[in-house]
Amino acid sequence: GTYVAGIVAGTGATNRGIAPGASIVALKVLDSSGVGYSSDIIAALQWCVTNKAVYGIRVANLSLSDSAEWRDPADCDSDVEGMAVSTAVDNGIVVAVAAGNEGYQRGVGMPACVTDAIAVGASWDSGADVDTPAYFSNRGELLDVYAPGIWITSAQMGGSYVTEAGTSSAAPHVAGAA
């Protein structure tokens, strides 16, 4: 959570977020091992819709994905989690979602596969490989955009920094830009 929030809104002198100082409402849907349930994701999205005006919620970042390779948007859109994403978008909330890190060539994870979501893959941010898709990043026709997701340095609990890689590092770049 801290790492993703730093990518979106960090105000550090060296490691600034995409939208420095933006207000964040943090909703925890995964446990400390990164495991969660669709019901928690759905509840969080419903909470965002219900409280949109109270907190000025305009964007939701979902740095999470299941491990399945979803290829058919109709299957995703009709899934209860997919419907929750679409409801958030229908209520004016941009939803940026990590595509997943399984290296699938023809599909992305849920809920990135939802038509109304912005499915975000990871790319290199520096060196000779800049803008090259990460080998682990899911892709295919349902992917909307690549964003920096390799060796991204951001805040961690306790006031220091950590460097990580993944589509969960890429999605908050898009959320911050939105």
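Residues numbered from 1 in each chain as written. Predicted model: local features only at pLDDT ≥ 70, side-chain atom pairs only at ≥ 80, totals over all residues. Heavy atoms only, no water.

S.K.: Explain the nonpolar core residue by residue, including any values.
M.R.: Counting 27 residues, the largest nonpolar core has Leu45, Leu62, Val85, Ile93, Val95 and Val108 as its most contacted members. A per-element tally of this core places helix H2 (residues 38-50) first, with five residues. Excluding residues that lie within four positions of it along the chain, Leu62 makes contacts with Leu45, Val85, Val95, Ala96, Val97, Ala98, Pro111 and Ala171. Membership of the second largest hydrophobic core comes to 12 residues, among which are Val120, Phe136, Val174 and Ala175. (Core = buried A, V, L, I, M, F, W, Y, C linked by side-chain atoms within 4.5 Å. Buried < 20%, exposed > 50% of the residue type's maximum accessible area, 1.4 Å probe, protein only. Helix = DSSP H or I, 4+ residues; strand = E, 2+ residues; numbered from the N terminus. Contact = heavy atoms within 4.5 Å.)

S.K.: If you had to explain the pairing of strand E6 (residues 161-164) to someone new, which residues and values would you point to?
M.R.: Successive side chains on a regular strand alternate, one facing one side of the sheet and the next facing the other. As judged from the four bridges shared by strand E5 (residues 152-155) and E6, these two strands associate in the antiparallel manner. Counted as the bridge partner of Ser154 is Val162 from E6. Between E5 and E6, which pair antiparallel in sequence order, lie five residues; one of them, Gly158, sits at a positive phi of approximately 100°. (Pairing = 2+ DSSP bridges.)

S.K.: Quick rundown of the sheet that holds strand E4 (residues 145-148)? Include the residues and the values.
M.R.: Read from one edge of the open sheet, four strands run E1-E2-E3-E4, paired in parallel fashion. In this open sheet, the two edge strands, each paired with only one partner strand, are strand E1 (59-62) and E4. Averaged over all pairs of adjacent strands, the angle between strand axes in this sheet comes to 35°, irrespective of strand direction. In the sheet, strand E3 (residues 118-123) pairs with E4 via four bridges, with the strands oriented parallel. Each residue of the ladder has a partner; that of Val120, found in E4, is Val145. Across the face of the sheet, helix H6 (residues 167-177) comes into contact with E1, strand E2 (94-98), E3 and E4 while running at roughly 120° to E3. (Axes fitted to C-alpha atoms, helices over the stretch in contact; angles between N-to-C directions.)

Limitation: the analysis is restricted to geometry and does not speak to function.
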